[in-house]
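Residue strings, one per chain:
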Amino acid sequence: MLLIRKGIFTVLLPVILSWFVVRNMSGWNIVLFLLSHFLILLVTPLFRRSENLWMFCILSVTTLPINLRLLAEAAWGIDFFDENPVLGVVRCLVFLGILFSAEQLVMGLLTRLIWQRQRKL
């Protein structure tokens, strides 16, 4: 029972921290948010030897609110919808894709540096 509670806590930790990061974009919140992902991979036995795959899955879900907040702030400063609304939506999707890809690349490299021995997929 304790393992299930610990597993639920570790899975919910980045989700809760993503809400704090969205509410207050401070540097410490972002660092804690990223460290919580590594904590999940460290303590969950299911994720052993496939940490890169699980980092991708967890990061995909938990960074979405933060990326949407960054998109809203960028859309406020840059007029994405200046000439054509359809072109503005495409620009927003490209911006989200670039943010998502950069985050995944950096965190994937860090994960591979920390856990070098992983199963082949």
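Each remark here, short or long, concerns the structure printed above.
The model shown is predicted, which means the values in this text are computed figures rather than measured ones.

**Student:** Would you mind showing me how to read the overall build of the chain here?
**Tutor:** Regarding its fold elements, the chain presents five helices and zero strands. Along the chain, from the amino end to the carboxyl end, the secondary structure elements read α-α-α-α-α. The buried share among the 121 residues of the chain stands at 30%. Within the chain, residue pairs in contact and separated by at least 24 positions form 61% of the contacts whose partners lie at least 6 positions apart.

**Student:** Whenever I open this one, the nonpolar core confuses me. Can you help?
**Tutor:** Counting nine residues, the largest nonpolar core is built from Phe38, Ile40, Leu41, Phe47, Met55, Ile58, Leu59, Met107 and Trp115. Breaking this core down by element, the ones donating at least two residues are helix 2 (27-43) and helix 3 (51-62). In contact with methionine 55, other than residues within four places in its own chain, are His37, Phe38, Leu41, Met107 and Thr111. Leu13, Leu17, Val21 and Phe33 belong to the second largest nonpolar core, which has five residues in total.

Cut-offs and rules
- The residue count restarts for each chain, going from 1 along the sequence in the order it is written.
- Given that the model is predicted, a residue must reach a pLDDT of at least 70 before its local features are reported, and side-chain atom pairs must reach 80 or more before they are shown or counted; all residues, however, enter totals for whole chains, interfaces and linings.
- Side-chain metrics rest on all non-hydrogen atoms present in the structure, leaving aside hydrogens and water.
- The way it works is that DSSP assigns letters per residue, a run of H or I at least four long becomes a helix, a run of E at least two long becomes a strand, and they are numbered from the N terminus.
- Partly exposed residues are those whose accessible area sits between 20% and 50% of the maximum for their type, while under 20% is buried and over 50% is exposed, using a 1.4 Å probe and protein chains only.
- Here, two residues are considered to be in contact whenever any of their heavy atoms come within 4.5 Å of each other.
- Here, nonpolar core means buried Ala, Val, Leu, Ile, Met, Phe, Trp, Tyr and Cys residues that are tied together by side-chain atoms lying within 4.5 Å of each other.

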